[in-house]
Amino acid sequence: MSEHLMNTYARQPVTFTKGEGAWLWDTEGKRYLDALAGIAVNGLGHAHPRLVAAISEQAGRLIHVSNVYGIAEQSRLADRLCEVSGMDKVFVCNSGCEANEAAIKLARLYGHNKGIENPEIIVMERAFHGRTLATLSATGNRKTQAGFEPLVSGFIRVPFDDLDAVRQVARHNKNVVAILLEPIQGEGGINVPRDSAAYFKGLREICDTHGWLLMLDEVQSGVARTGTWFAFQHTDVVPDVMTLAKGLGSGVPIGACLAHGPAAEVFTYGKHGSTFGGNPLACSAALATLDIIESDGLLAHAEQLGNYIREAFAASLQDVAGVSVIRNAGLMIGIELDRPCAELVKQALEAGLLINVTAEKVIRLLPPLVMNEQEAQQVVGILAPLIKKFLA
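Just so you know, these numbers come straight off a predicted model, no measurement behind them.

J.: Looking at this structure, I do not really get the overall build of the chain. What am I missing?
T.: Of the regular secondary structure elements, the chain holds twelve helices and 15 strands. In the chain, which comprises 392 residues, the proportion classed as buried is 55%. Contacts in the chain between residues far apart in sequence, at least 24 positions, make up 71% of those at least 6 positions apart. A total of about 17,400 Å² of accessible surface is found on the chain, and carbon and sulfur atoms cover 51% of it.

Following this line, the structure appears as structure tokens:
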């Protein structure tokens with residue numbers, strides 16, 4: 001690695017040179033099965049021919065123009081996203097933290113428009129919303145916040161999947177304007193509500209009663225990862241605001257903040273913007289991604305394959321002491337152990353498998369949506385013995 005790169009990552013000792021589907025090759029020609037997909041980014045795997053063609057064709061026509069002009073690809077993407085989500089308006093940006101910054105700004109402006117001088121947003125313990133100062137402040141992890149104080153004020157933290165805690169805040173705080181949460185906490189350990197339908201129905205009712213916005217961070221859970229276009233679609237609840245990034249561009253940086261109902265009218269001319277956000281290249285990648293997911297049946301495939309992987313690990317690790325729980329929502333899969341297990345990342349890498357450990361004790365798998373069942377069997381075949389050996 002270059003000595004001129006800032007030391008912000010604990011990089012694994014490998015550099016990749018090419019990829020195809022669910023596979024990557026390093027500089028020595030060794031092949032790896034990718035069960036991380038760039039942390040839920042490469043939903044179409046690597047070098048998908050239709051995605052490559054779309055990006056190449058767009059790059060040959062027009063890569064970037066300013067948002068002071070019309071951008072046809074951005075308009076088509078906004079129409080498509082609203083079609084599949086049921087939302088009304090879209091702001092296109094470059095990343096997940098930018099999308100969440102837009103949501104936070106929207107909520108504050110919404111509050112000010114209602115005459116609330118110091119608007120506050122309820123956020124969740126163990127949440128992750130980004131690394132800018134506002135999204136870091138909304139994140140529920142002291143380890144990532146340490147050293148960056150003073151944090152941005154205006155956030156009230158409650159436990160995830162706890163409606164009573166939200167109701168308690170509602171009784172005592174008149175400055176709240178919104179709730180911001182991930183439908184499934186990714187960085188927090190693939191935490192899934194015990195009853196998603198009841199939890200989100202309860203949150204929706206609280207927001208409606210108090211005039212708050214329900215804002216869902218679907219940066220990791222969105223774009224088919226859980227078996228529906230967006231995780232909220234497993235329930236009957238529609239959010240007021242939803243944020244996207246990661247899998248939306250299949251590796252080309254793009255994010256989006258979507259709004260529904262009155263929230264869609266909060267931003268007006270000059271209230272928000274982005275230099276690179278929604279340029280023709282990024283939007284063409286996103287449009288191709290959405291088209292391929294739909295035409296190739298990857299929504300249903302993600303749910304079926306994710307359940308298959310969870311069940312295969314459950315069978316292989318049955319009665320293994322130290323395995324606390326295995327959970328999934330489509331292709332968001334977490335294997336929680338009873339002890340820190342970061343060393344498994346390097347062991348898996350040596351065995352030719354890319355995984356991740358988050359929340360210290362949770363093995364996180366985020367395979368590409370295009371992974372097939374045979375490749376999923378290989379993931380289990382490589383990783384389950386490593387887990388058994390580690391716990392022994």
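J.: What exactly am I supposed to notice about the state of the cysteines here?
T.: The bond known as a disulfide is covalent and runs between the sulfur atoms of two cysteines. Scanning the model with the defined rule gives zero disulfides in all. The thiol sulfur of Cys93 is not disulfide-bonded, and the nearest other cysteine sulfur, from Cys257, lies at 7.4 Å. A residue is classified by how much of its surface remains accessible, and Cys93, at 1% relative accessible area, is buried. Cysteine Cys283 shares no disulfide, and the gap to the nearest cysteine sulfur, in Cys93, comes to 10 Å.

J.: Would you take a moment to explain the sheet that holds strand S8 (residues 213-217) for this structure?
T.: Either a parallel or an antiparallel arrangement is found when strands of a sheet pair, and the pairing is made through backbone hydrogen bonds. With respect to topology, seven strands assemble into an open sheet ordered S4-S10-S9-S8-S7-S5-S6, the strand pairing being mixed. Every other strand in the sheet has two partners, leaving strand S4 (89-93) and strand S6 (155-158) as the edge strands with one partner each. Between one strand and the next, the sheet's axes are offset by a mean angle of 20°, whatever the strand orientation. Note that strand S5 (residues 120-124) and S6 share four bridges and pair parallel. Considered in S6, the bridge of Met124 is made with Val158. In this fold helix H7 (residues 163-172) packs onto S5, S6 and strand S7 (176-181), with an angle of close to 145° to the strand it touches most, S6.

J.: How should I be thinking about the side chain of Arg364 in this particular structure?
T.: Note that Arg364 resides in strand S15 (residues 362-365). Of the polar contacts made by the side chain of Arg364, one reaches the side chain of Gln220; its length is 3.3 Å. A polar side-chain atom of Arg364 sits 2.7 Å from a polar atom in the side chain of Asn356. Apart from residues lying up to four places away in sequence, Arg364 is in contact with Leu36, Ile39, Gly186, Glu187, Ile190, Gln220, Ile333, Ile355, Asn356, Val357 and Thr358.

J.: Sorry if this is basic, but what is going on with the nonpolar core here?
T.: Judged by nonpolar contacts, the single largest core of 90 residues is most densely connected at Phe313, Ile335 and Ile363. Excluding anything up to four places from it in sequence, Phe313 contacts Ile326, Ile335, Leu365, Val379, Val380, Leu383 and Ala384. In terms of nonpolar packing, the next biggest core, distinct from the first, is built from 27 residues, Cys93, Ala99, Leu106 and Val241 among them.

J.: I'm lost on unusual backbone geometry in this one. Help?
T.: A negative phi holds for most residues other than glycine; trans holds for most peptide bonds. Of note, the bond from Glu149 into Pro150 is cis; its omega dihedral lies within 30 degrees of zero at 0°. Among the structural elements, Pro150 can be located in the loop between helix H6 (142-145) and S6. The phi torsion at Arg126 lies on the positive side, around 70°, for a residue other than glycine. Notably, Asp161 is not glycine yet its phi reads approximately 65°, a positive angle. Along the chain, Asp161 falls in the loop between S6 and H7.

J.: How should I be thinking about the pattern of salt bridges in this particular structure?
T.: Pairing is possible between side chains of opposite charge, provided their charged atoms come close. A complete count under the given rule lists 14 salt bridges for this structure. Arg167 is the partner of Asp164 in a salt bridge, and the nearest nitrogen-oxygen pair spans 2.9 Å. On the criterion of helical spacing, the pair formed by Asp164 and Arg167 is a turn pair, its members being three residues apart in helix H7. With a relative accessible area of 33%, Arg167 lands in the partly exposed category. Connected through shared salt-bridge partners, Arg80, Glu83, Asp291 and Glu294 make up one network.

J.: Could you clarify how one ought to interpret the environment of Val123 in this entry?
T.: For Val123, the position within the fold is in strand S5. The exposure class assigned to Val123 is buried, which follows from its relative accessible area of 0%. A sequence separation of 267 residues divides Val123 from Phe390, and the C-alpha atoms of the two residues are 35 Å apart. Not counting residues within four places of it along the chain, the set of residues in contact with Val123 comprises Ala138, Phe155, Ile156, Arg157, Val158 and Leu180.

J.: I'm lost on the sheet that holds S15 in this one. Help?
T.: Strands sit in the order S11-S12-S15-S14 across an open sheet of four strands; the sheet is antiparallel. Each edge of the sheet is formed by a strand with only one pairing partner; in this case those strands are strand S11 (323-329) and strand S14 (356-358). Looking at each pair of strands side by side, their axes are set apart by 25° on average, direction ignored. Relative to S15, S14 runs antiparallel, the two being bridged by three bridges. By the bridge assignment, Val357 is partnered in S15 with Ile363. The sheet contacts of helix H10 (residues 298-316) involve S11, strand S12 (332-337) and S15, and relative to S11 the element is tilted by about 170°.

J.: For this particular structure, what's the right way to read the packing of aromatic side chains?
T.: Here the structure, examined in full by the defined rule, presents four aromatic pairs. Joined through ring pairs, the aromatic side chains of Phe160, Tyr199 and Phe200 make up one cluster. Just above the ring of Trp25 sits the side chain of Lys18; from NZ or CZ to the centre is 5.1 Å. A cation sits over an aromatic face here: Arg31 above Trp23, 3.6 Å from the ring centre.

Conventions used here
- Residues numbered from 1 in each chain as written.
- Predicted model: local features only at pLDDT ≥ 70, side-chain atom pairs only at ≥ 80, totals over all residues.
- Heavy atoms only, no water.
- Helix = DSSP H or I, 4+ residues; strand = E, 2+ residues; numbered from the N terminus.
- Buried < 20%, exposed > 50% of the residue type's maximum accessible area, 1.4 Å probe, protein only.
- Contact = heavy atoms within 4.5 Å.
- Areas by Shrake-Rupley, 256 points an atom, 1.4 Å probe, with all protein chains shown as cover.
- Disulfide = S-S within 2.5 Å.
- Pairing = 2+ DSSP bridges.
- Axes fitted to C-alpha atoms, helices over the stretch in contact; angles between N-to-C directions.
- Polar contact = N/O pair within 3.5 Å; in protein donor to acceptor, adjacent residues only side chain to side chain.
- Core = buried A, V, L, I, M, F, W, Y, C linked by side-chain atoms within 4.5 Å.
- Salt bridge = Lys/Arg side-chain N within 4 Å of Asp/Glu carboxyl O.
- Phe/Tyr/Trp six-rings, centres within 6.5 Å; stacked < 30°, edge-to-face > 60°.
- Lys NZ or Arg CZ within 6 Å of the ring centre and 35° of its normal.

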